[in-house]
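Topology and contacts: notes
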Amino acid sequence: MAKYKSKKLECWGKAKEIRQNYYKDFAKAKEKGGIRWTGGAWQLDSIPMGLGDDVYPLTSEPYGASIGNDPAFTVQCAEAAEAKGFARDLCAYMRNEWGSVILNKYYFGGEWPKPDFYFQNHICCSHAKWYQVMRDLEGDEIPYFCVDVSVGSYDQLDEAKIDYVAGQYLDSIEWMQKVTGREYDDEKLFQGIYNECRSSSLWAEVCALNKAIPAPLDEKTLYSLYVLGTLHKASKEIADFYEELRDEVKDRVANKIAAVANERLRIMTDSQPPWSALKLFRYLEGYGVVSIGSLYTFGLIGIWDELPDGSIAPAKTPQEQGIVFKTREEAVRYIVQWNLKKIMWEPYYDARLRAKRVVHIAKAWHVGGMMMHLNLGCEGTTIGNMESRLALLKEGIPVLTYEGNCADDRQYDEVGTKKRVDIWMRSFDLERLEE
Amino acid sequence: MIIAGIDVGAVATKAVILNDGKIIGKGMATTGFEREEAVEAALAEAIKNAGISRGDIEKVGATGAGEAVEFADKRFEDVVADGAGANFLFPQAKTVIDVGGEEARGMRIDETGRVVDFALNERCAAGAGAFVEAMARALEVKTEEMGELSLQSDKDIEINAQCTIFAESEVVSQIHLKTSKADIARAVHEGIATRVVSMVRRSGVEGEVALIGGVAYNPGFVARIKEHLGKELLISEDPQIVGAIGAAVLAVGPEVEFKAPEAKLDTEKEWR
């Protein structure tokens, strides 16, 4: 008999529909005179919303990850990029998107939908070149604006740094008006920012609820839900969905509804998973193991406040603080500072910050071990991972490492990884549960 | 109680028979393509050496490609069997290094032989016996003579290539430079030892170290590992059968109950 009650998430179908419509809307944007733009998922997607209600983004990393989930198409895209002379050890998402453009195949059907402009920020070395290469590959002079956001960790943020980033975003608004010929509506910007803050704070709350025992959500499910925030965090629809999700998860916690009915060991992970091999999480469930999340899952979309005791809590939104934006400058500065607070910036700046955060999550979420993906496909999310490993081992938290690639199946060994998991489970004296 | 352990390795299949904790028979066969045949051959040899009949065996544990042992009562991952086998032979061991034909493993074990942490090198032959074999061919020396040959040298030359294939071409270059075979053999063993120790340090080196697996027969490799670790090594008379011993021991091991880590639920915080 199962240890806990378990049932599927009721809002699951809605999440799927939102995602499918997002990709469809991007492809069909021009049919009604809408605007298409592409850029990274860390971009402040509230900014282009001031151009109108018919502005459709395509964020690069989730698109690359979608391809990564399909090994057959991944190989086509990766080989197309490699045939053009790009190295195999470049960012996997980037190679997948480039390949899609080279092949002129949109993963969600039809030809690659050309954007009206690129709007990017430099979160890592790959992102800095990504859209320059995209423009070369597309062969057209697609307008390109890039924002330098590398101002250091949040604990060292000052007014000059905020000015530097916010100033570029204010410039981008002037630029967008020129390249699209549209007049900018600050009120739409404000609403986008309010919704972005709602999305990211609510996502953090969903993640925080996973401290409960049993965990109401497993990480494989978390992946399918956080992705909406990576698509368009400033969208009202997605903010509303996260509110619905939060309420359902709260109910699951109150009624002890588990993600894994036989939860007996909680683990966390690190970096993106190999997207083509998410069944690894189902394999773990066969041991009664639930993965409760990671710095990546919590911090990519979630925005958190650090409390005086070093713990983290979902950030309070401007609405909750009674903040009402009156000027464009004020709003842009706010959303810049909000985003620079993202805990996923920390690995990019200092391995010690990363390690501290990872250890905190492990303890606060009652984790018994970490399964660390040595992700060959992403330099950003893996910087400092070995320091995090050592920090966890120092705290007596065992770490299993396995090699793979978030979006290139050619670098993942399923049999070898399962063998490592089996050995690791023995160290916890865990045998597989009866089917 | 008579128990058997069978380790189906990439190169060799080993069988061992224990009676009330004492090894009474061993057998080995080349694994080849027909693993089931190798299993039967190794077990038959062990049974003959033990002076018993097949029906006397009460439990069988298997490891390695354990699915080839269809009659096994229990199967265990190779790392797990290594830990148990090393603990059986050397209860004082806290670290185990297993270097076989195609794979190298390092692990820390507790006082019961349970693996606490581990590291694997499963995709690169440059840290395993296959590297020695390839270099022996390049030097036109028998594989079993490489170890002793390496001990005749006290000169350090470097073979820089990380990959067996490229290292072979470096060896050929050294031969053309008239570097002695002994010096090259020493460099080959130094290369494997460096890679193995680097891997083992990931899971940690604690207390006494047991060295098992076929490459433990190689005195050249043993000398280099001892130098890198700065420790004496615990090596059994038959380091290749340790996994099989572990599989046998585990086949009748006590049932262990899982204990979940202590977890306390935080007082629910309200953020809204």
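Here the structure is a predicted model, which is why all the values come from computation and not from measurement.

So, on to the overall build of chain B. Helix and strand counts for chain B come out as eight helices and ten strands. Counting only C-alpha atoms and orienting by the principal axes, one finds that chain B spans roughly 70 × 65 × 35 Å. Counting every position in chain B, which comprises 272 residues, the buried fraction comes to 49%. Intrachain contacts of chain B at a sequence separation of at least 6 include 68% that bridge at least 24 residues.

When the terminal C-alpha atoms of helix 6 (residues 181–203) of chain B are compared, their 34 Å separation across 23 residues agrees well with the 33 Å that a helix rising 1.5 Å per residue should span. B:Gly204 sits one or two residues past helix 6 of chain B and shows a positive phi near 100°.

Residue and element names in this part refer to chain B. Looking at chain B, pLDDT values average 88 and 90% of them are 70 or higher. Throughout residues 262–272 the model reports pLDDT below 50, and contacts reaching past four residues in sequence, or to other chains, amount to nine contacts. The ipTM for the predicted assembly is 0.80, set against a pTM of 0.89.

Often, the extent of an interface is quoted as the loss of accessible area upon association of its parts. All names here are of chain B. Here the domain parsing of chain B yields domain 1 (1–90 + 238–254) and domain 2 (91–235). Placing a centre on the C-alpha atoms of domain 1 and another on those of domain 2 gives a separation of 25 Å. If you look at the interface, domain 1 gives 15 residues, while domain 2 gives 26 residues. Top element by residues in the side of domain 1 that touches domain 2 is helix 2 (residues 78–89). It accounts for eight residues. Split into classes, the residues belonging to the side of domain 1 that touches domain 2 amount to ten nonpolar, four polar and one charged.

Residue and element names in this part refer to chain B. Reading across the sheet, the five strands line up as 8-7-6-9-10 and stay open at both edges, with mixed pairing between neighbours. Strands at the two margins of the open sheet, each flanked by one partner only, are strand 8 (115–121) and strand 10 (233–234). In this structure, strand 7 (residues 104–109) lies alongside strand 8, joined through six bridges in antiparallel fashion. By the bridge assignment, Arg-105 is partnered in strand 8 with Leu-120.

Moving on, we come to the nonpolar core. Within the largest apolar cluster, 214 residues are counted, with the highest numbers of intra-cluster contacts made by A:Met370, B:Ala4, B:Ile6, B:Val16 and B:Ala248. Those residues in contact with B:Ile6 that lie beyond four places of it in its chain are B:Thr13, B:Ala15, B:Val39, B:Ala42, B:Leu43, B:Val60, B:Ala62, B:Val69, B:Ala244 and B:Ala247.

A separate point is the sheet that holds strand 5 (residues 74–75) of chain B. All names here are of chain B. The strand order across the open sheet built from five strands is 3-2-1-4-5, with neighbouring strands paired in mixed fashion. Looking at the sheet topology across the chains shown, the edges are occupied by strand 3 (22–30) and strand 5. Taken together, the six bridges between strand 1 (residues 2–8) and strand 4 (residues 59–64) define a ladder with parallel strand orientation. By the bridge assignment, Ile-6 is partnered in strand 4 with Ala-62. Together, strand 1, strand 2 (12–19), strand 4 and strand 5 form the strand contacts of helix 8 (residues 242–251), whose direction differs from that of strand 1 by roughly 135°.

All names here are of chain A. Judged from the four bridges that link them, strand 4 (residues 117–121) and strand 5 (residues 144–147) form a sheet pairing that is parallel. Residue pairing across strands places Tyr-118 opposite Tyr-144, the latter belonging to strand 5. Once the chain exits strand 4 it traverses helix 5 (residues 125–138) before rejoining the sheet at strand 5, and the crossover so formed is right-handed.

A separate point is the packing of helix 6 of chain B against helix 7 (residues 219–229) of chain B. All names here are of chain B. Helix 7 packs onto helix 6 with a crossing angle of 50° between their chain directions and a minimal axis gap of 9 Å. When the axis of helix 6 is compared with that of helix 7, the two are oblique. The interaxial crossing formed by helix 6 with helix 7 has right-handed handedness. Along the contact surface, helix 6 presents Ala-185, Arg-186, His-189, Glu-190, Ile-192, Ala-193, Thr-194, Val-196 and Val-197, while helix 7 presents Gly-220, Phe-221, Arg-224, Ile-225, His-228 and Leu-229. In the contact of helix 6 with helix 7, the residues fall into eight nonpolar, four polar and three charged.

On to the environment of B:Asp56. Residues and elements named next belong to chain B. Within the element layout of this structure, Asp-56 appears in the loop between helix 1 (35–50) and strand 4. Look at Asp-56 and you get partly exposed, because 13 C-beta atoms sit within 10 Å. Between the C-alpha atom of Asp-56 and that of Ile-2, which follows or precedes it by 54 residues, the distance is 6.6 Å.

Turning our attention to the confidence of the model for chain A. With 100% of its residues at a pLDDT of at least 70, chain A reaches an overall mean of 95. The element-level mean pLDDT for chain A is lowest in helix 13 (residues 346–349) of chain A, coming to 89, with helix 7 (residues 186–209) of chain A highest at 98.

Moving on to unusual backbone geometry. The phi torsion of most residues other than glycine is negative, and most of the peptide bonds are trans. Omega for the bond connecting A:Ile213 with A:Pro214 falls within 30 degrees of zero, at 0°, which places this linkage in the cis form. Relative to the assigned elements, A:Pro214 resides in the loop between helix 7 and helix 8 (219–232). A positive phi is found at B:Asp20, a non-glycine position, where the angle reads about 50°. Structurally, B:Asp20 can be placed in the loop between strand 2 and strand 3. Looking at B:Asp20, the number of C-beta atoms within 10 Å reads 8, which means it is exposed.

Basis of the calculations
Residues numbered from 1 in each chain as written. Chains lettered and ligands numbered in written order. Predicted model: local features only at pLDDT ≥ 70, side-chain atom pairs only at ≥ 80, totals over all residues. Helix = DSSP H or I, 4+ residues; strand = E, 2+ residues; numbered from the N terminus. Buried ≥ 20, exposed ≤ 12 C-beta atoms within 10 Å, placed from the backbone. Contact = placed C-beta atoms within 7 Å. Expected span 1.5 Å × (residues − 1). pLDDT = per-residue confidence, 0-100. Domains from an automatic or database assignment. Nonpolar A, V, L, I, M, F, W, Y, C, P; charged D, E, K, R; others polar. Pairing = 2+ DSSP bridges. Core = buried A, V, L, I, M, F, W, Y, C linked by C-beta atoms within 7 Å. Axes fitted to C-alpha atoms, helices over the stretch in contact; angles between N-to-C directions. Right-handed = clockwise from strand over helix to strand, strands pointing away. Parallel < 35°, antiparallel > 145°, perpendicular 65-115°, else oblique. Left-handed = near helix turned anticlockwise from the far one by under 90°.

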